[in-house]
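Working through the structure, step by step
Chain residues, written in single-letter form:
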Amino acid sequence: MLPDEGKGLTRIALAALALVLALVANVGGAAAQGGGVIIDATGAKRGKYPIAIPLAVASDGAVARELAAIQSFNLDVSGYFKVLDPKSFLADLEAEKLGIEPQRWKDVGAYGVIKYRVVTTGNTLELEARLYEVSKGNSAVLTRSYRGTKADLRKLGHAWSNEVVKYYTGEAGFFGSKLAFVSRGKGSSTVMAVDFDGANPYAISRNTSTNMLPAWSPSGGQIAYTSYMRNNPDLYVASAAGGRPTRLAAYRGMNTGASWSPDGSKLAVTLSKDGNPEIYVISARDGASLTRLTNNKAIDTSPAWSPDGSQIAFVSDREGGPQIFVVPASGGTARRVSFNGSYNTTPTWSPAKGESVIAYTTRDGGRYDIVTLDLKTKKMTRITQNEGNNEEPSFSPNGRAIAFASTRSGGSGIYIAPADGSSPAVRVYSGAVTGIDWGPAPRP
Amino acid sequence: MSLAQGEKTMHLVSGAGTLIISTVLFVGVWKSSDWAEAATRQRDPLADLEIIDAALAELPKKPEQQPQKKTVAPPPPEKPLGVSRDEQAAPVDRPEQPKPRPTTPDLSSFARPNTDDDGPVGQPTEQPVGAFDGSEFGFGDETRGDPYLGAIKADLLRGWEYPEILSDVGTPVGCLHLEPDGKIEKWELREKSGNFELDDSVERALAKLEKLRDAKPRPVPGHLIPLTRKWICYRMKVKD
């Protein structure tokens, strides 16, 4: 055999071998790719919507920073959103201006982006805000323009945040709502109101006596509270802006713990006019006693009207320690609903639609904590634990958050936490406080 | 051209020709396989997967047959004797017999009026579960399925978060390949839901699962080793 003939045969053999190897490899690959099993996996954890709020460009710097802080705080405490850290952003904000390059935001894990421009001219403030969903490209899904004075900055920021929440949930947010509370001083206590985020506190009661247990009317225009200004714990109603109150109920003994009916026409109160603290319904117009709901040797107090107006929760020690009971608002038999521990007080109802949830203060190991209880499912959720004393909860107007008084190590004051206990509480007001009541949603 | 040169050229041409044919065959076979696979995927990305209710991946064993008693077939009936057939005879007209009436009784008077909201009973809403009924490991919901694949599913769900304010329409399918040592060789979103956020959340969950399993791999048990050459897919549904 010639040497070249051998080379030719070798080439043929190599080519054939390559072909065989290729076929084997391909068959093997196909086998690895083919077949398998498919399994149903149901049940994602409830997560938060990642949203980016980059600092505005082409704006008044200080005002833009304040507006970014307002929006970030609002969306963070709403319970729906996770506001992304601006340090992670990759987008060229100067080039983007009020638009977005979607892929840049997808790359940092944002599903939504808020862009805005705020310009001040003299005392006038103009705000243009846009919301983008990165999956929907570079067209804004929500655009709003606002105009006001410089003093309106917070108000406009809250209005925009409410629009964002409404876009996603169909429900109004609670930004711009107010909290009423009692600030405790030496020898006196004052009923006060403050924006839900702790801004703009002001006094409702303007006397040097003891004032306590404020309750917003459903319209938000009035606040009922109990005052010793005439040496007896009488019930007063004042304008939500503060000022001279009207005495509504001055029965002998206690006139305390007012809770407005959803239509604002009646108040559930604790009266001891017949010798023992009992729950009554009185007229919100003139304080006339309408219905006595409880008749018991025990102490019945702290009434709270349900959002649908059909029930009233209250505290009674008729079975030993104080526990939460619920009675029909028209009268009837009360039923006990709290069964954890030996001390449960200050019930309040969630206004969330379709829910039947109460929050209350419970004593646990010598400390006081906030829990929620779903009256339908009996599911109890702990909102606070091992962080000082936490008392007197009150739901936000949409039921998504709870405000309460706390003496935790981070400092005493009013704290806000998601009502599902999904993230830690944040302090919105510092000081010795009690009697928290969250007012209604702001009017658009 | 000398004879030696001619022979050399002939060998070269022959070799090159063989190489070209081999290459063409090789590429043809390779491509046709790729195209076939691509076409299969385009038709239905899940067509080659077997649906199982829980996480079982072993074919059930056929139950052993009990010994059967031998039976003898009865003899065929004997034809009666003395009967003849006259093929020339005219056919006899027989009066037509009335057809038997259906024997189902009329129960309409017993029917309950349909006042509830339930519609007519339709197709079952659950996917067929195939042969994998979990009987090997128990029939209770909490014990059904292979514990190894069940643990993967639990880890996957633990790392899956989806924003509650978004629509949960769609059921993406995430698939993974296991290595025998329990690490995840690769994963992919085999079928997208068309909902960017939902698909993204599943991809993130798969990436988390890969990280978790790579950090703490659990070797694949012997009876599931055949699965390491197949896709293990999870049909992801936000809630029931």
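Residues numbered from 1 in each chain as written. Chains lettered and ligands numbered in written order. Predicted model: local features only at pLDDT ≥ 70, side-chain atom pairs only at ≥ 80, totals over all residues. Heavy atoms only, no water.

**Section: the overall build of chain B**
In terms of regular secondary structure, chain B is built from three helices and five strands. Each helix and strand of chain B, ordered N terminal to C terminal, gives the series α-β-α-β-β-β-α-β. For chain B, the residues scored as buried account for 25% of the 240 residues in total. Of the roughly 18,200 Å² of accessible surface on chain B, a fraction of 56% belongs to carbon and sulfur atoms. (Helix = DSSP H or I, 4+ residues; strand = E, 2+ residues; numbered from the N terminus. Buried < 20%, exposed > 50% of the residue type's maximum accessible area, 1.4 Å probe, protein only. Areas by Shrake-Rupley, 256 points an atom, 1.4 Å probe, with all protein chains shown as cover.)

**Brief notes about the packing of aromatic side chains**
Overall, the coordinates contain 19 aromatic pairs over all chains when judged by the stated rule. With centroids separated by 5.9 Å and ring planes inclined at 90°, the aromatic side chains of Tyr49(A) and Phe81(A) adopt a geometry described as edge-to-face. In this pair, Tyr49(A) is assigned in strand 3 (residues 49–52) and Phe81(A) in strand 4 (residues 81–83), connecting sequence segments 32 residues apart. Residue class for Tyr49(A) comes out buried when judged on its relative accessible area of 0%. Ring centres of Phe181(A) and Tyr429(A) lie 4.7 Å apart, and the angle between their planes is 55°; this geometry places the pair in the tilted category. Within this pair, whereas Phe181(A) is found in strand 8 (residues 178–184), its partner Tyr429(A) is found in strand 30 (residues 426–430), the two being separated by 248 residues in sequence. Taken together through their ring pairs, the aromatic side chains of Tyr49(A), Tyr80(A), Phe81(A), Tyr111(A), Tyr167(A), Tyr168(A) and Phe196(B) make up a single cluster. The residue whose ring lies beneath Arg400(A) is Tyr80(A), and the NZ or CZ to ring-centre distance is 4.2 Å. The side chain of Arg213(B) reaches across the aromatic face of Tyr148(B), ending 5.9 Å from its centre. (Phe/Tyr/Trp six-rings, centres within 6.5 Å; stacked < 30°, edge-to-face > 60°. Lys NZ or Arg CZ within 6 Å of the ring centre and 35° of its normal.)

**Things to note about unusual backbone geometry**
Residue and element names in this part refer to chain A. Of note, Ala 58 is a non-glycine position whose phi angle comes to about 55°, a positive value. With respect to the helices and strands, the residue Ala 58 is situated in the loop between strand 3 and helix 2 (61–77). For Ala 58, a relative accessible area of 62% corresponds to the exposed category. Notably, Asn 231 is not glycine yet its phi reads approximately 70°, a positive angle. Tracing the backbone shows Asn 231 in the loop between strand 12 (222–227) and strand 13 (234–239).

**Points about the sheet that holds strand 16 (residues 266–271) of chain A**
Residue and element names in this part refer to chain A. Across the sheet, which stays open at both edges, the four strands sit in the order 15-16-17-18 with antiparallel pairing between neighbours. Taken across any chain shown, the strands that pair with only one partner, and hence form the sheet edges, are strand 15 (255–260) and strand 18 (289–292). Ignoring strand direction, the axes of neighbouring strands in this sheet form an average angle of 30°. Pairing analysis gives three bridges linking strand 17 (residues 278–283) to strand 18, with the strands arranged antiparallel. Its bridge partner lying in strand 18, Ile 282 is registered against Ser 289. (Pairing = 2+ DSSP bridges. Axes fitted to C-alpha atoms, helices over the stretch in contact; angles between N-to-C directions.)

**Thoughts on the confidence of the model for chain B**
Residue and element names in this part refer to chain B. Residues at a pLDDT of 70 or more form 43% of chain B, whose mean pLDDT is 70. Here helix 1 (residues 3–43) is the element of chain B with the lowest mean pLDDT, 55, and helix 3 (residues 196–215) is the one with the highest, 96. Note on residues 54–61: pLDDT is under 50 here. Beyond four places in sequence and across chains, it has 24 contacts. Across residues 126–143, confidence stays below pLDDT 50; counting only partners more than four residues off in sequence or on other chains, it has 31 contacts. (pLDDT = per-residue confidence, 0-100. Contact = heavy atoms within 4.5 Å.)

**What to know about the pairing of strand 13 of chain A**
All names here are of chain A. Burial analysis of strand 13 places five of its six residues in the buried class, the great majority of the element. Two strands pair when backbone bridges link them, and strand 12 and strand 13 are joined in this way by six bridges, in the antiparallel orientation. Bridging from a neighbouring strand, Ile 223 pairs with Ala 238 of strand 13. Hairpin remark: strand 12 followed by strand 13, antiparallel, with six residues in the connecting loop; positive phi at Asn 231, about 70°. Examined bridge by bridge, strand 13 and strand 14 (residues 246–249) share three bridges and lie antiparallel to one another. Residue pairing across strands places Leu 235 opposite Ala 249, the latter belonging to strand 14.

**Some thoughts on the environment of Trp305(A)**
Residues and elements named next belong to chain A. Relative to the helices and strands, Trp 305 resides in strand 19 (residues 300–305). For the pair formed by Trp 305 and Val 326, sequence separation is 21 residues and the distance between their alpha carbons is 9.7 Å. If sequence neighbours within four positions are ignored, Trp 305 has contacts with Ser 259, Trp 260, Ser 261, Pro 262, Lys 266, Leu 267, Ala 268, Val 281, Gln 311, Ile 312, Ala 329 and Trp 349.

**Side note on helix 3 of chain B**
With 20 residues, helix 3 of chain B should reach 28 Å at 1.5 Å per residue; the first-to-last C-alpha distance of 29 Å fits that figure. Within the sequence span of helix 3 of chain B, burial applies to Glu197(B), Leu198(B), Asp199(B), Asp200(B), Ser201(B), Val202(B), Ala205(B), Leu206(B), Leu209(B) and Arg213(B). In the core, the buried residues of helix 3 of chain B are packed alongside strand 6 (124–133) of chain A together with helix 2 (147–158), strand 2 (161–163), strand 3 (173–178), strand 4 (184–191) and strand 5 (231–237) of chain B. For helix 3 of chain B, the N-terminal cap is Asn195(B); the gap from its side-chain oxygen to the backbone nitrogen of Glu197(B) is 3.2 Å. (Expected span 1.5 Å × (residues − 1). Polar contact = N/O pair within 3.5 Å; in protein donor to acceptor, adjacent residues only side chain to side chain.)

**Concerning the side chain of Ser261(A)**
Residue and element names in this part refer to chain A. Relative to the helices and strands, Ser 261 is located in the loop between strand 15 and strand 16. For Ser 261, a relative accessible area of 3% puts it in the buried group. A polar contact is formed between the side chain of Ser 261 and the backbone nitrogen of Ser 265, at a distance of 3.3 Å. Apart from the residues within four sequence positions on either side, Ser 261 is in contact with Pro 218, Lys 266 and Trp 305.

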